[in-house]
Amino acid sequence: MCGIVGAIAQRPVAAILLEGLRRLEYRGYDSAGIAVLDVDRHIERVRTLGKVARLREEVEAQPVPGTLGVAHTRWATHGEPATRNAHPHVCRDRCVLVHNGIIENYETLRREQAAAGHRFTSETDTEVVVHAVYDELAAGHGLTEAVRRASRRLEGAYALGVIDASDPDRLVAARQGSPLVIGVGFGEHFIASDVFALLPVTHRFIFLEEGDIAELTRDQVRIWDADGHPVMRPVKESTVSADAAERGEYRHYMLKEIYEQPRAITDTLEGRLSGTRALPEAFGNQAEAIFVGVRAVTIVACGTSYHAGLVARYWMEALAGLPCQVEVASEYRYRRHVVPEGSLFVTISQSGETADTLAALRQAKAAGYATTLAICNVPESSLVRESDLVLLTRAGPEIGVASTKAFTTQLTALLLLTVVLGRYHALDEAGEARVVTLLRSLPVKLEQVLALDETIARLAEQFVERHHTLFLGRGEQYPIAMEGALKLKEISYIHAEAYPAGELKHGPLALIDEDMPVVAVAPNNALLEKLKSNLEEVRARGGQLFVFADQQVAMEEDDGVTILRLPQTDDLIDPLIFTVPLQLLAYHVAVLKGTDVDQPRNLAKSVTVE
Ligand code: G6P
């Protein structure tokens, strides 16, 4: 994963680079580094273990003056988190490079380069790239040509930012499989892994395509495509404000993003409903013509986005009457599959850059899916650009590594999709009107759930000392239980597992004792009575129950049974309603445990490597 940022300007760039890194830190935070070319063409480099704030302190103590530089925040893949493995990497005081991605053939290249006399100072896959570019520079090529030649030898994924110390007027970037944008300024240009990194300095961006190489000077940007032909890529204006990614008065990004959900869902729905109808054109101009012919749906995603897909399966089959299969992208991409006739291939992704999801999309196209649809939060992402139809979730920037508002806006988008597809199958006008009314009610209902924050904070105290938690749900609440368990383990490091409640007696019941809290998601639906019997099984074995139930559920608090009452809603939107308290529970447990809520250990937000 990792985040990269680079700048070529007429003013000192260190502060711009450090601010860019701070904004990219969600991509990786085990080490960070910066390298700037000073007036004497010396490379001034500072690298630190840990977070960007530490790097900033180091740079304050040891300034790196200069108008051309690159910086990096790392999420270790090859080589442990350590200063020697932090980027930028340098070869013979001449070539400086930052990299996001994985070089798959690095072992072969490393052997060759070591035999040719290169000295390796890190265990990273990246170091072979800096040596390869250096060799081309030493052979007499200019920096752009050197990067082009070196990249021909690379297998895998990369976004690169490269500087040649003997050429202080050029910054070269390359993109293959990892995201990279160019920020266009006046007399200055920038590169970064995403637009947020650069919003304080520009709102104008060029999005590089796969295989592009770009040469940035202070006055000009030139781009060549994968075949080496010069190309013009459009400059696009971003409407996102620089402070959209700020934490404001909230203690953590995650809490801010939990609280943003009513607003985010309002934005997801904006212009996509009309009276009692959902508008198919929200998915693209061709959508309606395509949707008429859809006979089945395949959904592929990773992590939290996968959980959204699992909920959608219940909706697709129950409401729209369409067969629907859902799979994690890392599995889907490596197996043979049968393409059901007339099926729509749907990917779900917050970032639109998740390597496995992108690979699955490409594979699905090759396997014969006629139409692909992306449900995504990032407008210019690879997934969006490579899909036929798109619905942007409009959640706004999500910085906390644990996904919250991205998830509930994905669910909102998937319910919209269910409605527009269902129209041609099992959903009549009255049914559509009912769903649309429920969709419109979501923001207010979620505000009511958020009002329970303090109660949930108190509940959280009972989890702090625990080592394990079991989450139970049935039907479309089973994926919500999975999402609740994922949130808890991600940020509080408590081992949490989710089970469909009916599976309890097939194994997990053996784990139940007084040390195992069991969280049950229990809306008042057709499966409630079944769920209650499952909960009795837990109580009978001394397990401590925490039941998230709605107002109508006839259950009483008791020794060993704590009930949190949620507003009464409709089955259909219960998955969204019940998600929020589980997010808050995980959040408060993590705060009480003192973990790093927004940047949990070992994780990164955007997984652009396999
Ligand atoms: C990472 C993130 C998760 C996210 C998953 C899929 O694991 O930490 O929060 O759900 O990637 O990411 P995507 O951007 O494709 O939704």
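Residues numbered from 1 in each chain as written. Predicted model: local features only at pLDDT ≥ 70, side-chain atom pairs only at ≥ 80, totals over all residues. Heavy atoms only, no water.

Description of the pattern of salt bridges
- Applying the stated criterion across every chain yields a total of 34 salt bridges.
- Among the salt bridges present, the one from Asp 169 reaches Arg 218, with a minimum N-O distance of 3.0 Å. Placement of Asp 169 in the loop between β7 (156-164) and β8 (171-176) and of Arg 218 in the loop between β12 (213-216) and β13 (221-224) is noted, with a sequence separation of 49 residues between them.
- Using a relative accessible area of 14% as the deciding quantity, one classes Arg 218 as buried.
- Across the salt bridge formed by Asp 212 and Arg 233, the nearest N and O atoms sit 2.8 Å from each other. Here Arg 233 lies in the loop between β14 (230-231) and β15 (235-237) and Asp 212 lies in the loop between β11 (204-207) and β12, a separation of 21 residues in the sequence.
- Here Asp 212 falls in the buried class, since its relative accessible area comes to 0%.
- Residues joined in a network through salt bridges with shared partners are Glu 19, Arg 22, Arg 23, Arg 56 and Glu 246. (Salt bridge = Lys/Arg side-chain N within 4 Å of Asp/Glu carboxyl O. Helix = DSSP H or I, 4+ residues; strand = E, 2+ residues; numbered from the N terminus. Buried < 20%, exposed > 50% of the residue type's maximum accessible area, 1.4 Å probe, protein only.)

Details of the pairing of β11
- Sheet topology note: the strand β9 (residues 181-184)/β11 ladder contains three bridges and is antiparallel. Each bridged residue has a counterpart across the sheet, and for Val 181 the counterpart in β11 is Phe 207.
- In this structure, β11 lies alongside β15, joined through three bridges in antiparallel fashion. Paired with Arg 204 across the bridge in β15 is Glu 237. (Pairing = 2+ DSSP bridges.)

Let's talk about the layout of surface pockets
- The computed volume of the largest pocket comes to approximately 770 Å³.
- Lining the largest pocket are 36 residues, with Val 195, Phe 196, Asn 377, Val 378 and Pro 379 sitting closest to its centre.
- Those elements that place two or more of their residues in the lining of the largest pocket are β11 and β15.
- Residue composition of the lining of the largest pocket, by class: 16 nonpolar, ten polar and ten charged.
- In this structure, the second largest pocket occupies an estimated 460 Å³ of space.
- Looking at the lining of the second largest pocket, the elements with two or more residues in it are α9 (303-320), β20 (343-349), α11 (355-367) and α16 (477-492).
- Here the element with the most residues in the lining of the second largest pocket is α9; it accounts for three residues.
- Counted by class, the lining of the second largest pocket contains nine nonpolar, ten polar and three charged residues. (1 Å grid on protein atoms, 1.4 Å probe; cavity = no way out; pocket = protein on both sides within 12 Å on 5 of 7 lines; lining within 4 Å. Points joined across faces, edges and corners; volume = space filled by probe spheres on them. Nonpolar A, V, L, I, M, F, W, Y, C, P; charged D, E, K, R; others polar.)

Observations regarding the packing of helix α15 (residues 453-460) against helix α18 (residues 574-593)
- Two numbers describe how α15 lies on α18: the axes approach to 8 Å, and their chain directions differ by 50°. One way to sum up the angle between α15 and α18 is to call them oblique. Once α15 is placed against α18, the crossing between them reads as right-handed. Of the residues in α18, those in contact with Asp 453, Ile 456, Ala 457, Leu 459 and Ala 460 of α15 are Pro 581, Leu 584, Leu 585, His 588, Val 589 and Leu 592.
- Partitioning the contact of α15 with α18 into residue classes produces nine nonpolar, one polar and one charged. (Axes fitted to C-alpha atoms, helices over the stretch in contact; angles between N-to-C directions. Parallel < 35°, antiparallel > 145°, perpendicular 65-115°, else oblique. Left-handed = near helix turned anticlockwise from the far one by under 90°. Contact = heavy atoms within 4.5 Å.)

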